[in-house]
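# Fold and contact review
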Amino acid sequence: MCLICGWMYDEAAGDPEHGIKPGTAWADVPMNWVCPECGARKEDFEMVQI
């Protein structure tokens, strides 16, 4: 979950609009990827249980 805006990365959905295929594990998301909602860096995300 993005600590800035609350957007949640879903591994099953990925982020295909920004080059992250569905099924991509969070660990495999590149470090230069940014939150599609607010532009926060990957370091600004925290793992949450849903």
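Residues numbered from 1 in each chain as written. Predicted model: local features only at pLDDT ≥ 70, side-chain atom pairs only at ≥ 80, totals over all residues. Heavy atoms only, no water.

## Quick look at the state of the cysteines
Simply put, the disulfide is a covalent bond whose two ends are the sulfur atoms of two cysteines. Under the defined criterion, the tally for this structure stands at 0 disulfides. In this structure C2 is a free cysteine whose sulfur lies 3.7 Å from that of C38, the closest cysteine sulfur available. When its relative accessible area of 1% is taken as the criterion, C2 is described as buried. (Disulfide = S-S within 2.5 Å. Buried < 20%, exposed > 50% of the residue type's maximum accessible area, 1.4 Å probe, protein only.)

## Topic: the pattern of salt bridges
For the structure on display, the rule yields 2 salt bridges. With a shortest N-O distance of 3.4 Å, E43 and R41 are connected by a salt bridge. The partner of R41 in a salt bridge is D44, with the nearest N and O atoms 3.8 Å apart. What makes R41 partly exposed here is its relative accessible area of 49%. Through salt bridges with shared partners, a single network forms among R41, E43 and D44. (Salt bridge = Lys/Arg side-chain N within 4 Å of Asp/Glu carboxyl O.)

## A closer look at the packing of aromatic side chains
All told, the structure shown has 8 aromatic pairs when counted by the stated rule. For the pair W7 and Y9, a centre-to-centre distance of 6.5 Å together with 55° between the ring planes defines the contact as tilted. Ring centres of Y9 and W26 lie 5.2 Å apart, and the angle between their planes is 50°; this geometry places the pair in the tilted category. Just as Y9 is buried, W26 falls in that class too. Among the aromatic side chains, those forming a connected cluster through ring pairs are W7, Y9, W26, W33 and F45. Its end group placed over the ring of W26, K42 keeps NZ or CZ at 4.9 Å from the ring centre. (Phe/Tyr/Trp six-rings, centres within 6.5 Å; stacked < 30°, edge-to-face > 60°. Lys NZ or Arg CZ within 6 Å of the ring centre and 35° of its normal.)

## Description of the UniProt feature "binding site: Fe cation" (unreviewed entry) in the protein
As annotated in UniProt, the feature "binding site: Fe cation" (unreviewed entry) corresponds to C2, C5, C35 and C38 in the numbering used here. Of the residues just listed, which span 37 residues, no C-alpha pair is farther apart than 8.9 Å, and they cluster in one region. Leave out the neighbours within four places in its chain, and C2 touches W7, C35, C38, A40, D44 and F45. Not counting residues up to four positions away in its chain, the partners in contact with C38 are C2, I4 and C5. (UniProt positions renumbered as here; feature names shortened; annotations may be inferred. Contact = heavy atoms within 4.5 Å.)

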